[in-house]
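# Structural overview
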Amino acid sequence: MVSRSRWLAVLALVGCDQGSPPSVGQDAPAAPRAGVALACDDTPFVQMPAKCEAPTQILPVDVVDIDPNLAEDPTLRSIDALVSVATEAIIAVGSYDGGASPDGAWWAAIDPTGATLWSGSFPAAADVAGVFATGDADGLWVVAAQVDDTTVVQHFGADGVFTGEATIVDFTATSALAQTGGAVALFGTSGPDGGAPAWAGVDPTGAETYNGNQDLTPGPHLVAQGSVQYFDGPGGTATWEHDPRGEPDEGFPLEVGVEQAILTSTGDVLAMGAVLGPLGDNTLLVRLDDAGRPRWALNRPRAHGEVVLEGLLDSAIVVGQSFYCRPGTYYVVFDDVGGIVEDGLLPAPPEPWILDSEAHLTSVALEGDVLTMRAFAIEFEVPKP
């Protein structure tokens, strides 16, 4: 048997930063194995300086410090999500430190000037294990999963008016999806020892519409766990599934596969994951049509994508962490066939991010006890006549 260290040593001598090119065409298969980023030297694991172009630094077009205007002025612990609803506001959602009391959730709707339009918070009965948010033209959902296997959800209209709340016991939410009419679909686990997969639905008034171990989500939705599965409605069988990982699994590179996926306004799916190499990660991005057929697939060497967004003109935006040759928070804009429109480094934390109403790439970060919003102007390729 060949030891793991021998395998890594062999891999580190194979090549240097050769990523797979995009596969173009509706029926083109995704690259079966994304190119792993390897060192350009003769000594494994000694990261000598790589020959690469200096990364482009993009500076923010606006930087604003924000007063979230929260009652009792709690100590903010994290920002976990950014959501855009019907208004031009960006809504930041996160958790706060309860001190001697359990942690809770907070939210603040922020206009482009940095002014807080409306905000709020709620204490949890037990420490918050995760805070999620989702929304659309019908309003905002704030979801707080607690360490006691209870999830609290609250709904607000686009003007910040509270409409309903639900407390779901024996359910730990891991994600949320806004539904038509203001409802929300929750995905998570239920039961002891990490629990089994569970689903729940809540309408805008806080009434549960379903809750159990069956997926009764009425609208189209995705499950991204190595492969990406597309469901067009309730039921336990996916309409289609796409797995970008190689067959058979050769052990190295260690392929994680799809970690998140989003539905675009055109019905396409943007699926993002990672390929783990001996000297760092590659970001894997696949665009699929509404039948699950790959339009193109590519990888970003020595980078780990944190956020995938739909941009203008059928573009895709990835923001994440770049290593070694291009250290820092990176972004890249891909056009509708996988070509790079723009990329560079951003002087900001890697997540969360959103495309705001002015088509700026925007982050809201907690730096110490200061809440700061940064907006970056990015390019979108205009289609040729």
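Before going into details, it helps to say that this report is about the structure given with it. Keep in mind it's a predicted model, so treat the numbers as computed, not measured.

Right, let's talk about the pattern of salt bridges for a bit. Overall, the coordinates contain 7 salt bridges when judged by the stated rule. D268 is paired through a salt bridge with R295; the nearest N and O atoms lie 2.9 Å apart. Here D268, found in the loop between β17 (254-263) and β18 (269-277), pairs with R295, found in strand β20 (residues 294-300); they are 27 residues apart in sequence, far enough to count as distant. Given the relative accessible area of 7%, D268 is considered buried. Relative accessible area serves as the criterion here: at 28%, R295 is assigned to the partly exposed category. For R300, the salt bridge is made with D343, and the minimal N-O distance between the two is 2.4 Å. Residue R300 is found in strand β20, and its partner D343 is found in strand β24 (residues 340-346); the two are separated by 43 residues along the sequence. The structure contains a network of salt bridges with shared partners spanning D268, R287 and R295.

Before going further, it helps to examine the packing of aromatic side chains. Summed over the entire model, instances satisfying the criterion amount to 7 aromatic pairs. Between W107 and F122, the aromatic rings sit 5.8 Å apart at their centres with planes inclined by 50 degrees, giving tilted as the arrangement. Placement of the pair is W107 in strand β4 (residues 104-110) and F122 in strand β5 (residues 116-123), with a sequence separation of 15 residues. Summarising the burial analysis for this pair, W107 and F122 share the class buried. Taking 4.8 Å as the distance between ring centres and 45 degrees as the angle between the ring planes, the aromatic pair formed by W107 and F156 counts as tilted. A residue pair is termed long-range when its members are at least 10 positions apart, and W107 in strand β4 and F156 in strand β8 (residues 150-156) qualify at 49 residues. We classify W107 as buried; its relative accessible area is 3%. A network of ring pairs unites the aromatic residues W107, W118, F122, F156 and F162 as a single cluster.

What counts, and where the lines are drawn
Residues numbered from 1 in each chain as written. Predicted model: local features only at pLDDT ≥ 70, side-chain atom pairs only at ≥ 80, totals over all residues. Heavy atoms only, no water. Salt bridge = Lys/Arg side-chain N within 4 Å of Asp/Glu carboxyl O. Helix = DSSP H or I, 4+ residues; strand = E, 2+ residues; numbered from the N terminus. Buried < 20%, exposed > 50% of the residue type's maximum accessible area, 1.4 Å probe, protein only. Phe/Tyr/Trp six-rings, centres within 6.5 Å; stacked < 30°, edge-to-face > 60°.

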